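Chain and residue survey
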Amino acid sequence: MDSTQEQADVVIVGGGPAGLSAALSLGRARRRVVVIDDGHPRNATASHMHGVLGHDGLSPLRLLELGRKEVAGYGVRLIHGEVSAAHVNVLGIEVDTADGPIRTRRLLVATGLSDELPNISGMREQWGMGVVVCPYCDGWEHRNDVIGVIATSRKSIEQAQLLRQWSDRVVYFPNAVGEPAVDARDALARRRIRVESGVVTGLCIDAGQVTGVQVDERVVPVGVVFTGPALRPHDALLRSLGAATTESALGSWVDIDEDGRTSVPGVWAVGNVVDVRANVSVSLGAGALVAGALNSDLVADDIARALAGE
């Protein structure tokens, strides 16, 4: 082992809510922690977070700024950049960074995911503003609006029915998914959810605000659009290490146990990279829980080393 090589107890790849929450707990546990983050959070385009206790309405970028300052106060080292590769061997785990390789006892991957939106004009430009996905995050703010739901799968009907809790003016756009089955259409009609059939060709935007959905040759007025993007976990690093995966209706996802362990010894994962449900609040809690389990694992290793005379 190169004696000049940086040594860490835990390297965390990803500096979002899950990664920084884990770093905070591990830093307070007096562990040598390095966080490597590329600076591209999933919710960067959103101006506010909602449903995060004590921080309702706070900018998600401000939350991360405060988090980085807090973890740095406990000696956590922060590196801006990407991890090109990691290698597991008998000496531990080596992580390749722009600052050079780092040897670590444990690796925690918290790299999140990307949202792949329908190929509809205006969708990407309005993502996180006039185009959103989570009713619990944005439903309240649009409770007095006409809410449009552009379908991406049959489950979009469930999304429309859920949004009916926030507004009595919900419009469902089947688009390429196809017309709802007879029973589903009846359920939509009984809750006064209007179905606008046809091909969605784009969004109408005025002064930076979504005002309508273009369907064939007509415009249907709406105040916001909810949709269901395809979820693409940033799990290339985990897969390169040979982490086991499971196929689901939402695609292929890396397996973890209840404490965040992957199938690769010493490698853990937390947040959206392994959990589609991990919003900000869930990610903060999951990061703290995984950090506690990870530190206990390190303590067990410390004991074993002491008994071996190391």
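Given the structure is predicted, the values throughout are model-derived calculations rather than measurements.

**Brief notes about unusual backbone geometry**
In this structure, arginine 192 takes a positive phi of about 60 degrees despite not being glycine. Along the chain, arginine 192 falls in the loop between α6 (182-190) and β11 (194-195). The backbone phi angle of alanine 207 is positive, close to 55 degrees, even though this residue is not glycine. Here alanine 207 is to be found in the loop between β12 (200-206) and β13 (209-215).

**Points about the nonpolar core**
Formed by 23 residues in total, the largest nonpolar core has its most connected members in Val11, Val95, Leu107 and Leu238. Only β1 (6-13), β2 (33-37), β5 (92-97), β6 (100-109), α7 (236-240) and β19 (267-269) provide two or more residues apiece to this core. Discounting residues that sit within four places of it in the chain, valine 11 has contacts with Val34, Ile36, Val95, Ile102, Thr104, Arg106, Leu107 and Leu108. Within the second largest apolar cluster, 21 residues are counted, among which are Val10, Ile12, Leu64 and Ala291.

**Comments concerning the pattern of salt bridges**
Applying the stated rule across the entire model yields 23 salt bridges. Note that aspartate 297 and arginine 106 form a salt bridge whose closest N and O atoms lie 2.7 Å from each other. Taken as a pair, aspartate 297 in helix α8 (residues 280-307) and arginine 106 in strand β6 lie far apart in primary sequence, 191 residues in all. Residue aspartate 297 pairs with arginine 261 through a salt bridge whose shortest N-O separation is 4.0 Å. With a gap of 36 residues between them, aspartate 297 in helix α8 and arginine 261 in the loop between β18 (251-254) and β19 connect regions that are remote in the sequence. Taking relative accessible area as the criterion, arginine 261 reaches 31% and is therefore assigned partly exposed.

**As for the packing of helix α5 (residues 156-163) against α6**
The interhelical angle for the contact between α5 and α6, taken along N-to-C directions, is 15 degrees, at an axis separation of 11 Å. Judged by the inter-axis angle, α5 sits roughly parallel to α6. Relative to α6, the crossing made by α5 is left-handed. Touching Ile157, Ala160 and Gln161 of α5 are Ala184, Ala187 and Leu188, all from α6. Taken together, the residues that form the contact of α5 with α6 break down as five nonpolar, one polar and no charged.

**Section: α5**
Judged by how many residues are buried, α5 sits mostly within the fold: six of eight residues are covered. Looking at α5, one finds that the buried residues are Ser156, Ile157, Gln159, Ala160, Gln161 and Leu163. Buried residues along α5 sit against α4 (135-138), β9 (147-150), β10 (170-173), α6 and β15 (224-227).

**So, the environment of arginine 169**
Locating arginine 169 in the fold gives a position in the loop between α5 and β10. Expressed as a C-alpha distance, the spacing of arginine 169 and arginine 192, which sit 23 residues apart in the sequence, is 7.7 Å. If we ignore the near neighbours within four places in the chain, the residues touching arginine 169 are Asn144, Asp145, Val146 and Ile147. Polar contacts involving the side chain of arginine 169 include one to the main-chain carbonyl oxygen of asparagine 144, which spans 2.3 Å.

**Digging into the sheet that holds β12**
Sheet architecture is open: three strands sit in the order β12-β13-β14, paired in antiparallel fashion. One side of each edge strand has no neighbouring strand; the edge strands of this open sheet are β12 and β14 (218-221). Adjacent strand axes in the sheet meet at a mean angle of 35 degrees, parallel and antiparallel pairs treated alike. The pairing of β13 with β14 spans four bridges and is classified as antiparallel. The residue of β14 that forms the bridge with valine 215 is arginine 218.

**A look at the packing of aromatic side chains**
For the structure on display, the rule yields one aromatic pair. Judged by centre distance (5.4 Å) and plane angle (85 degrees), the ring pair of tyrosine 136 and tryptophan 166 falls under edge-to-face. Highlighted residues: tyrosine 136 in helix α4 and tryptophan 166 in the loop between α5 and β10, separated in sequence by 30 residues. We classify tryptophan 166 as buried; its relative accessible area is 19%.

**Here we look at the pairing of strand β16 (residues 230-233)**
The side chains of a regular strand alternate between both faces of the sheet. Here β16 shows one buried face, formed by Leu231 and Pro233, and one open face, formed by Ala230 and Arg232. Pairing analysis gives four bridges linking strand β7 (residues 113-116) to β16, with the strands arranged antiparallel. If you follow aspartate 115 over to β16, its bridge partner there is leucine 231.

**Structural notes on the environment of lysine 69**
Mapped onto the elements, lysine 69 comes out in helix α2 (residues 60-72). According to the relative accessible area criterion, lysine 69 is exposed, its value standing at 66%.

About the cut-offs
- Residues numbered from 1 in each chain as written.
- Predicted model: local features only at pLDDT ≥ 70, side-chain atom pairs only at ≥ 80, totals over all residues.
- Heavy atoms only, no water.
- Helix = DSSP H or I, 4+ residues; strand = E, 2+ residues; numbered from the N terminus.
- Core = buried A, V, L, I, M, F, W, Y, C linked by side-chain atoms within 4.5 Å.
- Buried < 20%, exposed > 50% of the residue type's maximum accessible area, 1.4 Å probe, protein only.
- Contact = heavy atoms within 4.5 Å.
- Salt bridge = Lys/Arg side-chain N within 4 Å of Asp/Glu carboxyl O.
- Axes fitted to C-alpha atoms, helices over the stretch in contact; angles between N-to-C directions.
- Parallel < 35°, antiparallel > 145°, perpendicular 65-115°, else oblique.
- Left-handed = near helix turned anticlockwise from the far one by under 90°.
- Nonpolar A, V, L, I, M, F, W, Y, C, P; charged D, E, K, R; others polar.
- Polar contact = N/O pair within 3.5 Å; in protein donor to acceptor, adjacent residues only side chain to side chain.
- Pairing = 2+ DSSP bridges.
- Phe/Tyr/Trp six-rings, centres within 6.5 Å; stacked < 30°, edge-to-face > 60°.

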